[in-house]
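Take a look at the letters that make up each chain.
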Amino acid sequence: MNMKKRLLVYEKEKIEEFICKVESEKGKVFPISYLTDKNVNLKYNGINDEEYFVLDITALVMSLNERKGLQLIYESWINALNEENEDRIEYCVEREYLFQACELFHYYFETDEVDVKKDVEETVTEEKSIVEYEKREFDDLMDNFKIQLYGHERFKKNLKNQLKAYILLHRMKRKKIFSILLCGKSGIGKTEVGRILQKAMYPEEPPIKINFGNYSGKGSLWSLIGSPKGYMGSETGGELTNKITNSKSKIIVIDELDKADATIFNFFYEMLEDGQYTDLVGKVVDLDGYIVIFTANLDSSNFQEMIPEPLFSRFDMTYEFQQLTTEDKKRFVSEFIDVLIAEYEENIGQLNNKNIKDELMKKSYHTYTNVRLIKRDVMNAFVELVDVNNIWNDYTE
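From a predicted model like this one, the values you see are computed outputs, not experimental measurements.

### As for the side chain of Asp338
Here's step 1: As for its position among the elements, Asp338 is in helix α14 (residues 326-347).
Here's step 2: Leave out the neighbours within four places in its chain, and Asp338 touches Gly69, Ile73 and Lys357.

### Digging into helix α11 (residues 262-274)
Here's step 1: Over its 13 residues, α11 runs 19 Å from end to end, which matches the ideal 18 Å to within 8%, given 1.5 Å per residue.
Here's step 2: Every buried residue belonging to α11 is among Ile264, Phe265, Phe267, Phe268, Met271 and Leu272, and all of these are buried. Along α11, the residues classed as buried sweep out an arc of 160 degrees about the axis, all on the same side.
Here's step 3: Just downstream of α11 lies Gly275, where phi reads positive at about 70 degrees.

### Observations regarding the sheet that holds strand β5 (residues 109-110)
Here's step 1: Read across the sheet, 5 strands follow the order β2-β3-β4-β1-β5 without closing on themselves; strand pairing throughout is parallel. The two strands at the open ends of the sheet, each matched to only one other strand, are β2 (28-31) and β5.
Here's step 2: The sheet contact formed by strand β3 (residues 53-56) and strand β4 (residues 89-94) spans 4 bridges and is parallel. Considered in β4, the bridge of Asp56 is made with Cys92.
Here's step 3: Contacts from helix α3 (residues 71-85) reach β1 (5-10), β3, β4 and β5 within the one sheet, and its direction differs from that of β4 by about 145 degrees.
Here's step 4: In the packing of helix α6 (residues 135-148) onto the sheet, contacts are made with β1, β2 and β3, and the angle to β2 comes to roughly 35 degrees.

### Description of the sheet that holds strand β8 (residues 251-255)
Here's step 1: Here we have 5 strands laid out as an open sheet, ordered β7-β8-β11-β6-β12, and parallel in their pairing. Looking at strand neighbours, the two that pair on one side only are β7 (208-211) and β12 (317-320), the edges of this open sheet. When the angles between neighbouring strand axes are averaged without regard to direction, this sheet yields 15 degrees.
Here's step 2: Strand direction decides the pairing type here: strand β6 (residues 178-183) and strand β11 (residues 291-296), joined by 6 bridges, are parallel. What sits directly across from Cys183, in β11, is Ala296.
Here's step 3: Across the sheet, helix α8 (residues 190-201) lies against β6, β7, β8 and β11, angled at about 160 degrees from β8, the strand it touches most.

### Side note on a nonpolar patch on the surface
Here's step 1: Taken together, Leu168, Leu169 and Met172 make up a surface patch of nonpolar side chains, about 270 Å² in accessible area.
Here's step 2: With respect to the element layout, Met172 can be found in the loop between α7 (153-171) and β6.
Here's step 3: You can call Met172 partly exposed: its relative accessible area is 47%.

### Let's talk about the packing of aromatic side chains
Here's step 1: One pass over the structure, following the stated rule, counts 19 aromatic pairs.
Here's step 2: Relative to Phe336, the ring of Phe332 has its centre 5.9 Å away and its plane inclined at 10 degrees; by these criteria the two rings are stacked. Of this pair, Phe332 and Phe336 both sit in helix α14, separated by 4 residues, roughly a single helical turn.
Here's step 3: A connected cluster of aromatic rings, assembled from ring pairs, spans Phe212, Phe267, Phe268, Tyr277, Phe294 and Phe315.

### Observations regarding the packing of helix α2 (residues 58-66) against α3
Here's step 1: Packing of α2 against α3 leaves a shortest axis separation of 10 Å and a crossing angle of 165 degrees. Taken as axis vectors, α2 and α3 run roughly antiparallel relative to one another. In this structure, α2 crosses over α3, and the sense of that crossing is left-handed. In contact with Leu60, Ser63 and Leu64 of α2, α3 contributes Gln71, Tyr74 and Trp77.
Here's step 2: By residue class, the composition of the contact of α2 with α3 is 4 nonpolar, 2 polar and no charged.

### So, the layout of surface pockets
Rolled over the atoms, a probe with the dimensions of a water molecule shows which regions are left empty.
Here's step 1: Of the voids in this model, the largest pocket is the one considered here, and its volume is about 820 Å³.
Here's step 2: In this structure, the largest pocket is lined by 37 residues; those nearest its centre are Gly189, Thr191, Glu192, Arg195 and Lys375.
Here's step 3: Class assignment for the residues of the lining of the largest pocket results in 14 nonpolar, 11 polar and 12 charged.

### Examining the pattern of salt bridges
Here's step 1: In this structure the tally under the stated criterion is 21 salt bridges.
Here's step 2: Across the salt bridge formed by Asp316 and Lys175, the nearest N and O atoms sit 2.7 Å from each other. Taken as a pair, Asp316 in the loop between α13 (309-312) and β12 and Lys175 in the loop between α7 and β6 lie far apart in primary sequence, 141 residues in all.
Here's step 3: Among the residues examined, Lys175 registers a relative accessible area of 26% and is labelled partly exposed.

### Re the packing of α6 against α7
Here's step 1: Taken N-terminus to C-terminus, the directions of α6 and α7 make an angle of 160 degrees; their axes are 11 Å apart at the nearest point. Looking at the two axes, α6 sits roughly antiparallel to α7. Considering the relative orientation of α6 and α7, their crossing is right-handed. Contacts between α6 and α7 involve Phe138, Asp139, Met142, Phe145 and Lys146 from the former and Glu153, Phe155, Lys156, Leu159, Lys160, Leu163, Lys164 and Ile167 from the latter.
Here's step 2: Tallied by class, residues from the contact of α6 with α7 come to 7 nonpolar, no polar and 6 charged.

### Some thoughts on unusual backbone geometry
Here's step 1: A positive phi angle, near 55 degrees, is found at His152, a position not held by glycine.
Here's step 2: One non-glycine residue, Glu256, lies in positive phi territory at about 55 degrees.
Here's step 3: Relative to the elements of secondary structure, Glu256 occurs in the loop between β8 and α11.

### Let's talk about the pairing of β8
Here's step 1: Here β8 lies mainly inside the structure; 5 of its 5 residues are buried.
Here's step 2: Pairing between β7 and β8: 4 bridges, direction parallel. By the bridge assignment, Lys209 is partnered in β8 with Val253.
Here's step 3: Alignment of β8 against β11, held across 4 bridges, turns out to be parallel. Each residue of the ladder has a partner; that of Val253, found in β11, is Ile293.

Analysis parameters
- Residues numbered from 1 in each chain as written.
- Predicted model: local features only at pLDDT ≥ 70, side-chain atom pairs only at ≥ 80, totals over all residues.
- Heavy atoms only, no water.
- Helix = DSSP H or I, 4+ residues; strand = E, 2+ residues; numbered from the N terminus.
- Contact = heavy atoms within 4.5 Å.
- Expected span 1.5 Å × (residues − 1).
- Buried < 20%, exposed > 50% of the residue type's maximum accessible area, 1.4 Å probe, protein only.
- Arc of directions from axis to C-beta.
- Pairing = 2+ DSSP bridges.
- Axes fitted to C-alpha atoms, helices over the stretch in contact; angles between N-to-C directions.
- Patch = residues over 30% accessible without salt bridge, like charges linked within 9 Å, V, L, I, M, F, W, Y side chains within 5 Å.
- Areas by Shrake-Rupley, 256 points an atom, 1.4 Å probe, with all protein chains shown as cover.
- Salt bridge = Lys/Arg side-chain N within 4 Å of Asp/Glu carboxyl O.
- Phe/Tyr/Trp six-rings, centres within 6.5 Å; stacked < 30°, edge-to-face > 60°.
- Parallel < 35°, antiparallel > 145°, perpendicular 65-115°, else oblique.
- Left-handed = near helix turned anticlockwise from the far one by under 90°.
- Nonpolar A, V, L, I, M, F, W, Y, C, P; charged D, E, K, R; others polar.
- 1 Å grid on protein atoms, 1.4 Å probe; cavity = no way out; pocket = protein on both sides within 12 Å on 5 of 7 lines; lining within 4 Å.
- Points joined across faces, edges and corners; volume = space filled by probe spheres on them.

What follows is the structure in structure tokens.
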């Protein structure tokens, strides 16, 4: 076993200062994505032109918060990098993730912090909008997003560029909010975009999500932003207004926009135009710095017919999601199996990992078009392969 490397730490709000200091004293700082390919595999074991470099593993730790089954893969990356580079490489991480990094990769890292857990717990994290991010924070967010969202490579690249443009225009006082319309069939990752950004940026905050599949008939606008004064329910507010009020998150997901009515379309037209809205009791809800993600189960042949032009033209970005490729589905299945095995072993007992994974990977999940169905059938097949009776063996909650 190689000796542990010292894990460097930086404050989120002082990332640029940290980079300047490290580069003046040691060498360049790179995000982990610098060494990966478009399928998020480790493509390079080093940086040939650099005599010494520091690798930021914040995105890896953020990713493991969602997918514990990737830990073995990430450990193999670190091991390969250490073997290839020896004394040429060090690692750094954002302070918020320091304790997690030391726990997850305890065979590889140590820190100068006297009491890592206490130090991290006492750090107060202020919730920030993406428009307040420094460059390295933004790059880490996008690296994590790239890892978390399966497939849709062109969308990932376009989103990063569009968000950069939004941050610039916001700082020029030209644009208050950023809006996306994602179209495509059900179960191919549209809603996942909002969920990933929410978990990465505001992990402790309740999500702000509205599903118009649950809205129908007259009164939809009242349900959304509250009833006018004097009407029943005016004192309780609407679903959207209440969720915004009760969360520090600045990610809003509006699912199944195609099921909304004309009144709702007009409301969103005005909201996107002004970057705010006034509810029906006269309260102004300011959405400065928010990302608003709309989804619709439509495609290129009908989404412009279903979404009125005045609203459609207000979206900063529109994109039609396609089915995942066979390779993306295989990667999803492989990593989801790793997660199931890790959860089983953490909570119930040991498994013959290789045999179970080999059996599950034999199934023809590539014929599926809906990732939710793949997930369901992988779980069902997993349950069939393990002994269900083990759930009662030495189980303590």
